[in-house]
Amino acid sequence: MGIVSPGFFGRRGSGDTKLPPGQYLTHDFPVLSAGPTPRIDLDSWQFVVTTEIGQRKQWSWQELTSLPSEDITKDIHCVTKWSKLGTHWKGVPVETLLADVETAADYVMAHSYGGYTTNLPLEDLLNGQAWIAYQYDGAPLPPEHGGPARLLVPHLYFWKSAKWVRGLELMLADEPGFWETAGYHDYGDPWREQRYQGD
Amino acid sequence: MATLTERRRETDSAATLVFDVPDWPGHLPGQHVDIKLTAEDGYSTERSYSIASPAEGDRIELTIQRVHDGEVSPYLLEGLGVGDPIEIRGPIGGWFVWRDTDPDPVVLVAGGSGVVPLMAMVRARKAAGSRIPFRLIYSVRTPEDMLYANELRARVRDDMGLDIAYAYTREAPPDWPGEVGRLKLATVATHGWPPDLMPACFVCGPTGFVEAVADILVAQGHDPRKVKTERFGPTGT
Ligand SMILES: Cc1cc2nc3c(=O)[nH]c(=O)nc-3n(C[C@H](O)[C@H](O)[C@H](O)COP(=O)(O)OP(=O)(O)OC[C@H]3O[C@@H](n4cnc5c(N)ncnc54)[C@H](O)[C@@H]3O)c2cc1C
């Protein structure tokens, strides 16, 4: 236990909601990004998977949204301390997009419109753990929350759920992405409070 | 572990807290710290606060704006006593920072308490004797909400190469010649830098404010990669 703050009681939740350490509950949907929100035209939007030997597989907006989709209800945890419970999304499982891709890679770099990147282990994107999400709460995903489409990996801190995603690059070795280079953790498990490098 | 050594009033709803943090490693202007509060039974919660002061030994200053019914900000403003210990972690963030070796002119756009990390940049510029031209556009609700009002007035006079423009969203001073309302493209274009100078742009404030201003800067022609943002709060109001 940390240093007790004299006279601090705090606003506890109902007691039965379990949040990762250091997180608090919000009913808003805050926005965290490093720069302006990119606006992306659906006609030129593309999603590209690139393998470690440079093979590419790509989808247009029409193609992606025609794939079988899932309705997803998950808690999300942002490294800036807020958590939001039971958020509703619709999207395509990442494993669907990787189904026909031959790779020996263990890591993935997610690339976004606007230039952001984030790194993840490939196994964290498979088995019903990650989606390319394009609807939030029954409506098209708004640009400030990552629309037209974002990666959704709710079991990791939310910066791993790259907004404005435009592709996944499969890699044999791990490399830090944008936020990770700026000092955030390479893996980012909220339950182990892996916020920053060294946690 | 840190100790509160002083609390200075800034406005009716904000104060600057000075902490002594032994072995503080130093920081860059724009970085923040995480504060962790723990109750007697072990319940704890954390929030982020930007550092308002430039690097200066073991001392850091934070400026806290009260959020109505907030869990942490009212405690920091009233509960925590001078001499009390507190858990502070940092410095954090390697992106929303200004380095005095960066050659580009700088435009800072602040909404409300978003001025805090930008003030650290203004102060660090002076402390480093930098001649990089800085322009600050500072939007507040009313004149009474303005943080650092006297210091900003003095700095415009004394810090060569610092310009400041103010904007009021609810209520302006009596003799105010401009409009009252949300920041507009025209204000940012007039009081910022033209895009061809390739300025470094820093925008900080409530989420809605940052979204709007970052869009304006991109619409004005600034390279999105030169626009760095820090979003303080979930709501835009
Ligand atoms: C990187 C970073 C740097 C920050 N730097 C500063 C700083 O220098 N000075 C400072 O005062 N704050 C700063 N903040 C905001 C700060 O972390 C807290 O969010 C804020 O103090 C509110 O916490 P609270 O516990 O008092 O309110 P909470 O209990 O978290 O919130 C109470 C209610 O107010 C709403 N709310 C929360 N935050 C805000 C807000 N900012 N504006 C309006 N409504 C809000 C919530 O949605 C909720 O409904 C920073 C935030 C970040 C992410």
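Remember, predicted model here, so these are calculated numbers, not experimental data. (Residues numbered from 1 in each chain as written. Chains lettered and ligands numbered in written order. Predicted model: local features only at pLDDT ≥ 70, side-chain atom pairs only at ≥ 80, totals over all residues. Heavy atoms only, no water.)

1. Comments concerning the interface of chain B and chain A
Between chain B and chain A, the residue contacts involve 40 residues of the former and 33 residues of the latter. In this assembly, chain B packs against chain A so that about 3200 Å² is buried in total across both faces, 53% of it on carbon and sulfur atoms. Our count for the contact surface shared by chain B and chain A stands at four salt bridges. Between chain B and chain A we count 15 residue pairs in polar contact (both at pLDDT 80 or more) in total. (Contact = heavy atoms within 4.5 Å. Buried area = accessible area lost by both parts, 1.4 Å probe. Salt bridge = Lys/Arg side-chain N within 4 Å of Asp/Glu carboxyl O. Polar contact = N/O pair within 3.5 Å; in protein donor to acceptor, adjacent residues only side chain to side chain.)

2. What about the confidence of the model for chain B?
Looking at chain B as a whole, its pLDDT mean stands at 94, while 98% of the residues score no less than 70. Predicted complex metrics record ipTM = 0.75 and pTM = 0.84. (pLDDT = per-residue confidence, 0-100.)

3. Looking at the packing of aromatic side chains
Residues and elements named next belong to chain A. Using the criterion set out here, one finds 20 aromatic pairs over all chains in the structure. With a centroid separation of 6.2 Å and 55° between ring planes, the pair formed by Trp89 and Phe158 is classed as tilted. Of this pair, Trp89 sits in strand S5 (residues 82-93) while Phe158 sits in the loop between strand S10 (150-152) and strand S11 (165-171), placing them 69 residues apart in sequence. Each member of the pair, Trp89 as well as Phe158, carries the same accessibility label: buried. Measuring from ring centre to ring centre gives 5.3 Å for Trp159 and Tyr184, while their planes differ by 55°; the resulting arrangement is tilted. Of this pair, Trp159 sits in the loop between S10 and S11 while Tyr184 sits in the segment after helix H3 (178-181), and the two are 25 residues apart along the sequence. You can call Trp159 buried: its relative accessible area is 8%. According to the relative accessible area criterion, Tyr184 is buried, its value standing at 9%. (Phe/Tyr/Trp six-rings, centres within 6.5 Å; stacked < 30°, edge-to-face > 60°. Helix = DSSP H or I, 4+ residues; strand = E, 2+ residues; numbered from the N terminus. Buried < 20%, exposed > 50% of the residue type's maximum accessible area, 1.4 Å probe, protein only.)

4. Regarding the environment of B:Ala167
All names here are of chain B. Positionally, Ala167 belongs in strand S9 (residues 162-168). You can call Ala167 buried: its relative accessible area is 9%. The sequence separation of Ala167 and Ser139 amounts to 28 residues, and the corresponding C-alpha distance is 4.4 Å. Residues in contact with Ala167, not counting those within four places in the same chain, are Tyr138, Ser139, Val140 and Leu183.

5. What to know about the packing of helix H2 (residues 115-127) of chain B against helix H3 (residues 149-158) of chain B
In a pair of packed helices, the angle between the axes and the distance between the axes together describe the arrangement. Residue and element names in this part refer to chain B. Relative to each other, H2 and H3 sit at 35°, their axes nearing to 12 Å. The interaxial crossing formed by H2 with H3 has left-handed handedness. Counting all contacts with H2, which are made through Met119, Val122, Arg123 and Lys126, the residues of H3 involved are Glu151, Leu152, Arg155 and Asp158. (Axes fitted to C-alpha atoms, helices over the stretch in contact; angles between N-to-C directions. Left-handed = near helix turned anticlockwise from the far one by under 90°.)

6. Points about H2(B)
All names here are of chain B. Given a rise of 1.5 Å per residue, 13 residues ought to cover 18 Å, and the 18 Å separating the end C-alpha atoms of H2 matches this to within 8%. In terms of burial, H2 is largely enclosed, as 11 of its 13 residues are buried. For H2, the complete set of buried residues consists of Val115, Val116, Pro117, Leu118, Met119, Ala120, Met121, Val122, Arg123, Ala124 and Arg125. At the C-terminal side of H2, Gly129 shows a positive phi close to 65°. (Expected span 1.5 Å × (residues − 1).)

7. Observations regarding the domain arrangement of chain B
All names here are of chain B. Each assigned domain of chain B is listed here: domain 1 (2-92) and domain 2 (106-231). Measuring from the centre of the C-alpha atoms in domain 1 to the corresponding centre in domain 2 gives 24 Å. Listed by partner, the interface residues are 15 residues for domain 1 and 14 residues for domain 2. Between domain 1 and domain 2 the total buried area reaches about 1100 Å² when both faces are included, carbon and sulfur atoms providing 62% of it. Of all residues in domain 1, Pro29, Ala52 and Pro54 bury the most surface against domain 2, accounting for 34% of the area lost on that side. Summed over the shared surface of domain 1 and domain 2, the number is zero salt bridges. Elements with a contribution of two residues or more to the side of domain 1 that touches domain 2: strand S1 (2-11), strand S2 (14-20) and strand S5 (59-65). In the side of domain 1 that touches domain 2, the residues fall into five nonpolar, eight polar and two charged. (Domains from an automatic or database assignment. Nonpolar A, V, L, I, M, F, W, Y, C, P; charged D, E, K, R; others polar.)

8. Some points on the sheet that holds strand S3 (residues 32-38) of chain B
Each strand in a sheet pairs with its neighbour through backbone hydrogen bonds, running either in the same direction (parallel) or in the opposite one (antiparallel). Residues and elements named next belong to chain B. One open sheet accounts for six strands, arranged S4-S3-S6-S1-S2-S5; its pairing is antiparallel. At either margin of the open sheet sits one strand with a lone partner, and together these are strand S4 (44-50) and S5. The average undirected angle you get between the axes of adjacent strands in this sheet is 35°. For S1 and S2, the ladder comprises seven bridges, and the chain directions are antiparallel. (Pairing = 2+ DSSP bridges.)

9. Examining unusual backbone geometry
The peptide bond linking A:Gly147 to A:Pro148 adopts the cis configuration, its omega dihedral lying at 10°. Note that A:Pro148 resides in the loop between strand S9 (139-140) and S10. Along the chain, B:Gly90 connects to B:Pro91 via a cis peptide bond; the corresponding omega equals 0°. Among the structural elements, B:Pro91 can be located in strand S6 (residues 85-92). The phi dihedral of A:Glu193 falls on the positive side, at around 50°, and the residue is not glycine. With phi around 60°, B:Tyr148 is a residue other than glycine that occupies positive phi space. Inspection of the secondary structure assignment puts B:Tyr148 in the loop between strand S8 (134-140) and H3. Owing to a relative accessible area of 4%, B:Tyr148 belongs among the buried residues under this scheme.

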